[in-house]
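Read off the chains here:
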Amino acid sequence: MIEISEIKKILNSKLTSERYAHTLCVAEEAAVLAKRYGADKEKARLAGLLHDICKSDNRDSLLQMMREFGIIPDNVEEYAEKLWHARVGAAFCRQRLGIEDEDVLSAVRYHTTARAGMSLLEKIVFLADYISADRDYEGVQEIRTAVYAGLDSGMRVAAAFSMRELIKKQRLIHPNTVAAYNEAMREWVTVNRLRSGKSI
Ligand SMILES: [Fe+2]
Ligand SMILES: [Fe+2]
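Residues numbered from 1 in each chain as written. Chains lettered and ligands numbered in written order. Predicted model: local features only at pLDDT ≥ 70, side-chain atom pairs only at ≥ 80, totals over all residues. Heavy atoms only, no water.

### Some details on the coordination of the iron ion (ligand 2)
Distances from the iron ion (ligand 2) to its protein donors, His22 (NE2), His51 (NE2), Asp52 (OD) and Asp129 (OD), fall at 2.2 to 2.3 Å. Within one chain, the residues donating to the iron ion (ligand 2) are spaced in sequence as H-x28-H-D-x76-D. In this model, the iron ion (ligand 2) sits 3.7 Å from the iron ion (ligand 1), the two metals being bridged by aspartate 52. One end of the pair, histidine 22, is in helix 2 (residues 17-37); the other, histidine 51, is in the loop between helix 3 (41-50) and helix 4 (59-69), with 29 residues separating them in the sequence. (Donors = N, O, S within 2.8 Å, 3.2 Å for Na, K, Ca; no water. Helix = DSSP H or I, 4+ residues; strand = E, 2+ residues; numbered from the N terminus.)

Pasting the structure below:
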């Protein structure tokens, strides 16, 4: 198993200084959320550290790694280059760093789109990326509050925010994000129905 100090060295050499600082903040936030929501703190810190490992790679390098790792972009990824670093990042962690923990690899892979049926660790890394200490975009406080109220409310608010932003910027929405949003909404609607005593 590769040492954390070795991973940090690799991250420091691959990422811009701003992205490296973001990575450290996401790792920290993921560890805090893991403690709060009963996940493995060290795994959360590791997945947080690794989530953007290929984010500073240029287009050519990402394309080359996709070929090398046998990644075939789906029909949304083909038109949404911002999604590439997550799939390539997970493959890089497996092939180049020898990371074998499937949950950690999935947390890296789905940190951008999310998906339905996410594990605790996947949700934690996805949400830590939204609310880490370095984040100061408009709306971050609403997402922070939702995440600290519960991971499911965090998923509902963050997936909705992500889709609104993508529409505003005229970008494609990955079906995994829609699936994550619908899953969180089903949960929320069900809870509200139970509270109000309605059966449907
Ligand atoms: Fe990312
Ligand atoms: Fe990130």
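Next comes the rest of the description.
### Points about the pattern of salt bridges
For the structure on display, the rule yields 14 salt bridges. A salt bridge links glutamate 6 to lysine 9; the shortest N-O distance between them is 3.8 Å. Taken together, the residues glutamate 6 and lysine 9, both in helix 1 (residues 4-14) and three residues apart, mark about one turn of the helix. A relative accessible area of 34% means that glutamate 6 is categorised as partly exposed. Among the ionic pairs, aspartate 57 bridges to lysine 14, the shortest N-O distance being 3.0 Å. One end of the pair, aspartate 57, is in the loop between helix 3 and helix 4; the other, lysine 14, is in helix 1, with 43 residues separating them in the sequence. Where salt bridges share partners, they join Glu28, Glu42 and Arg45 into one cluster. (Salt bridge = Lys/Arg side-chain N within 4 Å of Asp/Glu carboxyl O. Buried < 20%, exposed > 50% of the residue type's maximum accessible area, 1.4 Å probe, protein only.)

### Structural notes on the coordination of the iron ion (ligand 1)
Surrounding the iron ion (ligand 1) are the protein donor atoms Asp52 (OD), His85 (NE2) and His111 (NE2), at 2.1 to 2.2 Å. Along the chain, the residues donating to the iron ion (ligand 1) fall in the pattern D-x32-H-x25-H.

### Here's the deal with the environment of proline 73
Along the chain, the position of proline 73 falls in the loop between helix 4 and helix 5 (84-95). Spatially, the C-alpha atoms of proline 73 and cysteine 93 are 18 Å apart, while their sequence positions differ by 20 residues. For proline 73, the contacting residues outside a window of four places in its chain are Met66, Glu78 and Arg87. (Contact = heavy atoms within 4.5 Å.)

### Some thoughts on helix 9 (residues 151-168)
The terminal C-alpha atoms of helix 9, which comprises 18 residues, lie 25 Å apart, in line with the 26 Å expected from a rise of 1.5 Å per residue. The positive-phi residue at the C-terminal boundary of helix 9 is glutamine 170, with phi of around 55 degrees. (Expected span 1.5 Å × (residues − 1).)

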